[in-house]
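Residues per chain, in single letters:
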Amino acid sequence: MAFIDIPAQAVDTLFVVPAPVGKPGSPRTDTVAVPMRDGDSTHWLPRTGIQQLLSAGVRASGMPTAQALTELLRQAVSKAGPDDGLRVGQGLPDREREMRAAYGQLAGEGLGLPAGEAWAQGAAACQDLHHERDGEPGWVLCLVAGRPAVAVAAPVWQAIAEAGRHAPGPDPLAGIGLPRPPEGTDAPWVIAAGSRSVNVDGGSWGAGRLTCSGRGVWRWQPLPRFSINQGRSAENRTAGQTPALRLRAVVNPPWAEASRLDVSKPRRTLLEQQLPYSAVAGAVTMLSRRRGAKLSAARRERGPFGNSARTAAYSCTIARPDGGPALKASVMLALPATMESTVAACSDVLVENPQALAAALGSGRDTRLGFDEVQAVLLSTWKTAAELLPALVGDPAGLSWAAPPTTGLRMTCEQLAGNGVLPALDSLVDPASLGTNDGGTRSHMADTITAAPAMDRAERRSLLREALVHMARECGRVDAEVDLLQLGGRTTTLLIGVPGQEPIAAGGFRSEAER
């Protein structure tokens, strides 16, 4: 037997409760029931009774029926408000107590009444709240298991969702993630409407940071991380090539709506003017100058993989005296096409043949690369692929991400030795600064950096060294340390110049890796 206690009711107010429908613990706010006391018992006023009650009120008002109902609704809404009766946590019974506790801990931060029922955002519990002051932006209360609760100003929450709207699937927050508290935060916290940055993670994109520019534009960038997993573009445009050694940087900037981009003739012309003075051209010349030769990489030609409205490819070859290729630099940008769904910007330096390179340099020249030279070349190829090539589509800073951007760094031997086996990298590169090798010989080493392509020189140099150490440890050189890659005072001659003039030697300049 069940009982319901109906307290004494004001004589000028009809006592109503939510109708007994909907999920247990989550009554619907758009229904009503009228309990009637009859001695010691209670019964519910039927629908016809409620209709008669409303009709009696309309007749008593002396107004036409339609006008009376409109006025009654207006008065009711103005007094009660659209969210009348909503509780913090309502809609998520299992999380309601937790959400109410967090709401109480944030008292004094400007949180007002609920603006709607709570909802589940993946494993998180969220609820829209009004601001306690009229006219101020509202809040989203967000609780993620294992973290302190956060109240996010509605404009910032909207910026987070907007930054992830190009992620695959219908839910942008599933890609970009939810706010992450600053290190050391163990109590509920607030992201105010005037905030200029917020860390997010928990989504398929991984950890990242949103920052707001001076013009009020929010942009997400990944927080740097490393992996030995290589993307689909790692070996793009290598068919038919068998260099003795390839040093490669391939950047994948997953721009949203990249299918609308193209390589215009003016931007292609500008690239052709810039290539002789690019970082990768300087790296090729550096390798010869450090060996006492003067082999310039200023000349370039189109190819070898063709050019179109959606691709750009150029190469420069340094030949030995008889005309055979010795050293080559190449760059390539490919926009998404039928057979390739990603954007790829690639820059290579290839030692085609050590004997040919020795002949081009002159007798007695050592063609084995020191690891400081490997750093300098990889840094130069990365800078070219990350900064120079993306400018072919315009201003990359104005493009949104559809996924995290990555950079793959590779060192590969691709020319079979006389015994039909690929030689070890150690035969062409001196890895002494990486420590001893416990993982056996390898013909290739690679690492992937998840980071924004554009960055300053110091940050790029630091990330390169961290990536090389990560790669070395994964390949068995467990003693590798970033400190071991710090270079000690060696100088390098680079070619520098300006478009329209012959490059000049700048003696005493350190390579990108050495600065």
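The present account deals with the structure reproduced in this document. No experiment lies behind these values; they were computed from the predicted model shown.

Procedures and definitions
Residues numbered from 1 in each chain as written. Predicted model: local features only at pLDDT ≥ 70, side-chain atom pairs only at ≥ 80, totals over all residues. Heavy atoms only, no water. Helix = DSSP H or I, 4+ residues; strand = E, 2+ residues; numbered from the N terminus. Phe/Tyr/Trp six-rings, centres within 6.5 Å; stacked < 30°, edge-to-face > 60°. Buried < 20%, exposed > 50% of the residue type's maximum accessible area, 1.4 Å probe, protein only. Lys NZ or Arg CZ within 6 Å of the ring centre and 35° of its normal. Core = buried A, V, L, I, M, F, W, Y, C linked by side-chain atoms within 4.5 Å. Contact = heavy atoms within 4.5 Å. Pairing = 2+ DSSP bridges. Axes fitted to C-alpha atoms, helices over the stretch in contact; angles between N-to-C directions. Parallel < 35°, antiparallel > 145°, perpendicular 65-115°, else oblique. Left-handed = near helix turned anticlockwise from the far one by under 90°. Nonpolar A, V, L, I, M, F, W, Y, C, P; charged D, E, K, R; others polar.

**Topic: the environment of Ala432**
For Ala432, the position within the fold is in the loop between strand E23 (429–430) and strand E24 (444–450). For the pair formed by Ala432 and Gly370, sequence separation is 62 residues and the distance between their alpha carbons is 8.6 Å.

**Brief notes about the packing of aromatic side chains**
Taken as a whole and judged by the stated rule, the model has one aromatic pair. Seen in terms of ring centroids, Trp205 and Trp220 are 4.9 Å apart; in terms of plane orientation they differ by 55°. Their pairing is tilted. With Trp205 in the loop between strand E12 (197–201) and strand E13 (208–212) and Trp220 in strand E14 (residues 218–222), this residue pair connects regions lying 15 residues apart in the sequence. Both residues of the pair, Trp205 and Trp220, count as buried. If you follow Arg460 out to its NZ or CZ, it ends over the ring of Trp382, 4.9 Å from the centre.

**Considerations on the nonpolar core**
If you look at the biggest cluster of nonpolar residues, it comprises 110 residues, and the most contacted ones within it are Ile176, Trp255, Trp382 and Met411. The biggest single contributor to this core is helix H9 (residues 371–388), with 10 residues. The contacts of Ile176, once residues within four sequence positions are left out, are Ile160, Ala163, Gly164, Val200, Asp201, Gly203, Trp205, Gly206, Leu210 and Trp220. Ranked by size, the runner-up nonpolar core spans six residues in total, among them Val250, Ala313, Ala334 and Ala344.

**Remarks on the pairing of strand E16 (residues 245–252)**
For E16, the buried fraction is high: eight of the eight residues fall into the buried class. Every second residue of E16 is oriented toward a common face, with Leu245, Leu247, Ala249 and Val251 on one face and Arg246, Arg248, Val250 and Asn252 on the other, all of them buried. In this structure, E16 lies alongside strand E20 (residues 344–351), joined through seven bridges in antiparallel fashion. Within the sheet, the bridge partner assigned to Val251 lies in E20 and is Ala345. As paired elements, E16 and strand E22 (residues 406–412) share seven bridges and run antiparallel to each other. Bridging across to E22, Arg248 finds its partner in Arg410.

**Structural notes on the packing of H9 against helix H10 (residues 457–474)**
Across the interface, H9 lies against H10 with an axial gap of 10 Å and an inter-helix angle of 120°. By the angle between their axes, H9 is oblique relative to H10. Judged by the sense of rotation from one axis to the other, the crossing of H9 with H10 is right-handed. Packed against H9, whose contacting residues are Phe371, Gln375, Leu378, Leu379, Trp382, Lys383, Ala386 and Glu387, the element H10 presents Arg460, Arg461, Leu463, Leu464, Arg465 and Leu468 at the interface. Of the residues belonging to the contact of H9 with H10, the class tally is eight nonpolar, one polar and five charged.

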